[in-house]
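Structural characterization, general
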Amino acid sequence: MSTAPDGDLTTIRVDQFLPHPPAKVWRALTEPALLAQWQMPGAGNFRLEVGHRYRMTSVPRPNTKFSGAVDVQVLAFEPGRMLRLRWADADPANPADWTITWTLEQEGRGTRLFLVHEGFDPDDPAQMMARKVMDGGWRSHVLRALGQALDGL
């Protein structure tokens, strides 16, 4: 299983360069119509407002105890720079309760996008399976879909 560079099994860290200016990346992270293009169904219900809640859906994954629905809450943001969300499985029997933080930094004409996905329980085998699946998914699927949405802007 891949681990964070510091060996922290509670966290996934992704560092991705995007050849798009930060303002464009910020739009893709915060405009509902754009979110709907690259995130799970339901992401189009997002509002950039602390405390706002919405639900996204995907395919259930019994091996990770994922019900197929994520309740999302906007925790904090700094316009154009940082967005922090709480993701919790909609099934109260699943203890998944994570914090997702996107941070943008201008790099040349593009953006260095940092993703920190925190809150995995290293003592829970289902959480470690979820971490493995999501680590690969962020890198191979989600950020690729984000890049395609940005290319279309």
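Scope of this entry: the structure provided in the associated data block. No experiment lies behind these values; they were computed from the predicted model shown.

1. Remarks on the side chain of T101
Mapped onto the fold, T101 is located in strand 5 (residues 97-107). A distance of 3.0 Å separates polar atoms of two side chains, one belonging to T101 and the other to R84. For T101, the residues in contact, after removing those within four places along its chain, are M82, L83, R84, F114, L115, V116 and E118.

2. With respect to the pairing of strand 4 (residues 82-89)
Here is the key point about a regular strand: its side chains alternate between the two faces of the sheet. Of all the 8 residues making up strand 4, 6 are buried; the element is thus mostly covered by neighbouring parts of the structure. Where strand 3 (residues 69-78) meets strand 4, 8 bridges bridge the pair, whose relative direction is antiparallel. Looking across to strand 4, one finds that V72 is bridged to W87. Where strand 3 folds back onto strand 4 in an antiparallel hairpin, the turn is made up of 3 residues, including G80, whose phi is positive at roughly 75°.

3. Focus: the side chain of T30
Of note, T30 is situated in helix 1 (residues 22-30). Within polar-contact distance, the side chain of T30 engages the backbone oxygen of W26 at 2.8 Å.

4. Some words on the pattern of salt bridges
In total, this model carries 8 salt bridges according to the counting rule given. Between D97 and R86 there is a salt bridge, with the nearest N and O atoms lying 2.7 Å from each other. Separated by 11 residues along the polypeptide, D97 in strand 5 and R86 in strand 4 bring together distant segments of the chain. Through salt bridges with shared partners, a single network forms among D15, E107 and R112.

5. Overview of the environment of W138
Checked against the element boundaries, W138 lands in helix 3 (residues 125-151). Setting aside residues up to four positions removed in sequence, W138 forms contacts with I12, V14, W87, I100, W102, L115, H117 and L143.

6. Let's talk about the packing of aromatic side chains
All chains considered together, the criterion is met by 5 aromatic pairs. Plain terms: the ring middles of F46 and Y54 are 5.8 Å apart, the flat faces sit at 90° to each other, and that makes the pair edge-to-face. Owing to a relative accessible area of 2%, F46 belongs among the buried residues under this scheme. A relative accessible area of 7% means that Y54 is categorised as buried. Centroid distance W102 to W138: 5.5 Å. Interplanar angle 85°. Geometry classified as edge-to-face.

Definitions and limits used
- Residues numbered from 1 in each chain as written.
- Predicted model: local features only at pLDDT ≥ 70, side-chain atom pairs only at ≥ 80, totals over all residues.
- Heavy atoms only, no water.
- Helix = DSSP H or I, 4+ residues; strand = E, 2+ residues; numbered from the N terminus.
- Polar contact = N/O pair within 3.5 Å; in protein donor to acceptor, adjacent residues only side chain to side chain.
- Contact = heavy atoms within 4.5 Å.
- Buried < 20%, exposed > 50% of the residue type's maximum accessible area, 1.4 Å probe, protein only.
- Pairing = 2+ DSSP bridges.
- Salt bridge = Lys/Arg side-chain N within 4 Å of Asp/Glu carboxyl O.
- Phe/Tyr/Trp six-rings, centres within 6.5 Å; stacked < 30°, edge-to-face > 60°.

Functional significance is not addressed by these values, which are geometric in nature.
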